[in-house]
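Summary of structural features
Each chain, written out:
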Amino acid sequence: MHDSPHPNPARTEPATPPRLRGWIKRRYRTALGLALRGACYGAGTAAATATAYWLQHRP
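About the criteria used
Residues numbered from 1 in each chain as written. Predicted model: local features only at pLDDT ≥ 70, side-chain atom pairs only at ≥ 80, totals over all residues. Heavy atoms only, no water. Helix = DSSP H or I, 4+ residues; strand = E, 2+ residues; numbered from the N terminus. Buried < 20%, exposed > 50% of the residue type's maximum accessible area, 1.4 Å probe, protein only. Areas by Shrake-Rupley, 256 points an atom, 1.4 Å probe, with all protein chains shown as cover. Phe/Tyr/Trp six-rings, centres within 6.5 Å; stacked < 30°, edge-to-face > 60°. Lys NZ or Arg CZ within 6 Å of the ring centre and 35° of its normal. Expected span 1.5 Å × (residues − 1). Bend = angle between axes of the 7 residues up to and from the residue. Patch = residues over 30% accessible without salt bridge, like charges linked within 9 Å, V, L, I, M, F, W, Y side chains within 5 Å. Salt bridge = Lys/Arg side-chain N within 4 Å of Asp/Glu carboxyl O.

1. Some remarks on the overall build of the protein chain
Secondary structure summary: the protein chain contains one helix and zero strands in total. Here the protein chain, with 59 residues, has 0% of them falling under the buried criterion. As presented, the protein chain carries roughly 6100 Å² of accessible surface, and 62% of it is formed by carbon and sulfur atoms.

Spelled out as C-alpha cells, the structure:
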C-alpha cells in the first residue's frame, strides 16, 4: 500500500525542458543531414578501400 493519497501524482517538470526541446527541434534537420553525409563518406571510404585491397591481392 502506498502512502500517497493520489494513485499517480502529477509530475512537476516535463522530462525535457521547453528550451532544450526547441533547440533540438531547430537542429534536427542539420543533425540528420550531417549523419547522412557521414554515412556517405564512410560508404565511399569502404568502397575505395575494398577496391584497393582487391587490386593489390588479385592474381
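From this point, the narrative continues.
2. Side note on the packing of aromatic side chains
Applying the stated criterion across every chain yields a total of zero aromatic pairs. Over the ring of Trp-54 we find Arg-58; its NZ or CZ atom is 5.4 Å from the centre of that ring.

3. Regarding helix α1 (residues 18-57)
Helix length check: α1, at 40 residues, gives a terminal C-alpha distance of 57 Å against a target of 58 Å (1.5 Å per residue), a fit within 8%. Of all the bends found along α1, the most pronounced is centred on Arg-27 and spans about 45°.

4. A few points about a nonpolar patch on the surface
A surface patch of nonpolar side chains, amounting to about 290 Å² of accessible area, comprises Leu-20, Trp-23 and Ile-24. Tracing the backbone through its elements, the reader meets Leu-20 in helix α1.

Interpretation note: all reported values are geometric properties and have no functional meaning in isolation.
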